[in-house]
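Spelled out, the chains give:
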Amino acid sequence: MTRILIAESNFEEKLKLEAMFKDDARFEVVAATDDGEDALEKLKETKPCVVVCNFAMKKMCGISFCEFVKENAPEISVIMFSSAFSDKAIKRMVDVGVDHYMIKPFEANSLKKQILFLKGEVEPKTKAAKVMKEFPPISNKKLDDKLSKLFIEIGIPAHIKGYSYLREGVKLIVSDNSMINAITKQLYPTIARIFNTTSSKVERAIRHAIEVGWNRGRLHKINEIFNVSAFSQNDKPTNGEFIGFIADKLLLEGYGDAS
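A quick note: this is a predicted structure, and the numbers were derived from the prediction, not measured.

Novice: Break down the packing of aromatic side chains for me, with residues and values.
Specialist: Per the counting criterion, the structure on display carries 5 aromatic pairs. Here a set of aromatic residues connected by ring pairs shows up, and it is made of Phe151, Tyr163 and Phe242.

The following block contains the structure:
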């Protein structure tokens with residue numbers, strides 16, 4: 001069972017969040033508060049697995065709260081939400097270690113799936129995904145963290161479908177590098193099976209996600225992150241080029257090494 005702490009400044013929204021998990025045996029809400037300082041006390045008392053919090057809270061902002069969590073209990077995952085996020089806010093979240101962010105309103109199932117994904121409780125549906133599950137927990141968590149922070153920093157928001165498809169695609173290539181030579185015939189269909197959709201929708205969603213980062217003028221930040229000159233501001237990468245490059249760099253950094 002995944003223990004959840006809710007920190008939401010709006011009383012009605014707090015009740016809605018509690019109701020989302022009430023009858024689901026996979027989750028337990030150990031505390032719910034609208035006050036940042038109270039959330040810190042509840043954090044120490046209840047030791048949750050996941051914190052679901054608003055960017056804006058009473059007495060303490062979500063960024064400061066997350067910073068405390070990551071400095072004192074880095075094993076706790078933090079999901080932050082708001083009605084909107086500026087580029088500056090996203091940068092601050094990346095800096096303090098927010099694991100995932102969501103734009104309100106969002107569906108209950110989307111939040112639940114993300115929580116289970118962050119805690120490694122989603123059953124893998126493909127051979128390559130099972131390989132990822134065989135990674136030591138620390139290695140798998142490091143890869144998830146790296147991808148989340150990377151996509152946020154280059155301007156690909158977590159609430160669009162292409163975000164999840166891209167992340168899964170990179171992880172599949174990291175676990176089975178041969179897939180990079182079969183993007184259309186193997187990678188897209190594999191992602192489609194995982195998310196119960198079609199290969200064409202996967203391809204379009206990934207292309208859209210890359211375009212979002214491109215249109216925000218932040219895709220070139222990949223060069224800074226990996227200290228290379230791979231993408232120029234005038235040369236938008238294809239889906240395969242983008243996924244392959246990210247996976248290759250992560251493999252070189254040792255993320256695919258389960259030893």
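Novice: Can you explain unusual backbone geometry? Please cite residues and give values.
Specialist: Peptide bonds are trans in most cases, and residues, glycine excluded, mostly fall at negative phi. Even without a glycine there, the phi angle at Lys47 is positive, about 50°. By the element assignment, Lys47 lies in the loop between α2 (36-46) and β3 (50-54). By relative accessible area, which is 61% here, Lys47 ends up exposed. For Lys59, which is not a glycine, the phi torsion comes out positive at approximately 70°. Following the sequence through the fold, Lys59 ends up in the loop between β3 and α3 (62-72). Relative accessible area serves as the criterion here: at 61%, Lys59 is assigned to the exposed category.

Novice: Account for the nonpolar core, with residues named and values stated.
Specialist: Counting residues in each nonpolar core, the largest one holds 35 residues, and the members touching the most others are Phe151, Ile156, Leu166, Val170, Ile206, Phe242 and Ile246. No other element matches the 7 residues that helix α8 (residues 161-175) contributes to this core. When neighbours within four sequence positions are excluded, Val170 is seen to be in contact with Leu147, Phe151, Ile243, Ile246, Ala247 and Leu250. Counting residues in each nonpolar core, the second largest holds 26 residues, with Ala31, Val51, Val96 and Ile152 among its members.

Novice: I'd like to hear about the sheet that holds strand β1 (residues 2-7), residue by residue, with values.
Specialist: The strand order β2-β1-β3-β4-β5 describes an open sheet built from 5 strands, whose pairing is parallel. Each edge of the open sheet carries a strand with a single partner, namely β2 (27-33) and β5 (100-103). On average, each strand axis in the sheet is tilted by 20° relative to the strand beside it, whichever way the strands run.

Novice: Could you give me a rundown of the packing of α8 against helix α12 (residues 239-252), with the residues and numbers involved?
Specialist: Packed helix pairs are specified by the crossing angle of their axes together with the interaxial distance, meaning the distance between the axes. Two elements in contact, α8 and α12, have axes separated by 9 Å at closest approach and are oriented at 50°. Classified by the interaxial angle, the pair formed by α8 and α12 is oblique. Note that α8 runs across α12; the crossing there is right-handed. The segment α8 lies against α12, with Leu166, Gly169, Val170, Ile173 and Val174 engaging Phe242, Ile243, Ile246, Ala247, Leu250 and Leu251. In terms of residue class, the contact of α8 with α12 is built from 10 nonpolar, 1 polar and no charged.

Conventions we followed
- Residues numbered from 1 in each chain as written.
- Predicted model: local features only at pLDDT ≥ 70, side-chain atom pairs only at ≥ 80, totals over all residues.
- Heavy atoms only, no water.
- Phe/Tyr/Trp six-rings, centres within 6.5 Å; stacked < 30°, edge-to-face > 60°.
- Helix = DSSP H or I, 4+ residues; strand = E, 2+ residues; numbered from the N terminus.
- Buried < 20%, exposed > 50% of the residue type's maximum accessible area, 1.4 Å probe, protein only.
- Core = buried A, V, L, I, M, F, W, Y, C linked by side-chain atoms within 4.5 Å.
- Contact = heavy atoms within 4.5 Å.
- Pairing = 2+ DSSP bridges.
- Axes fitted to C-alpha atoms, helices over the stretch in contact; angles between N-to-C directions.
- Parallel < 35°, antiparallel > 145°, perpendicular 65-115°, else oblique.
- Left-handed = near helix turned anticlockwise from the far one by under 90°.
- Nonpolar A, V, L, I, M, F, W, Y, C, P; charged D, E, K, R; others polar.

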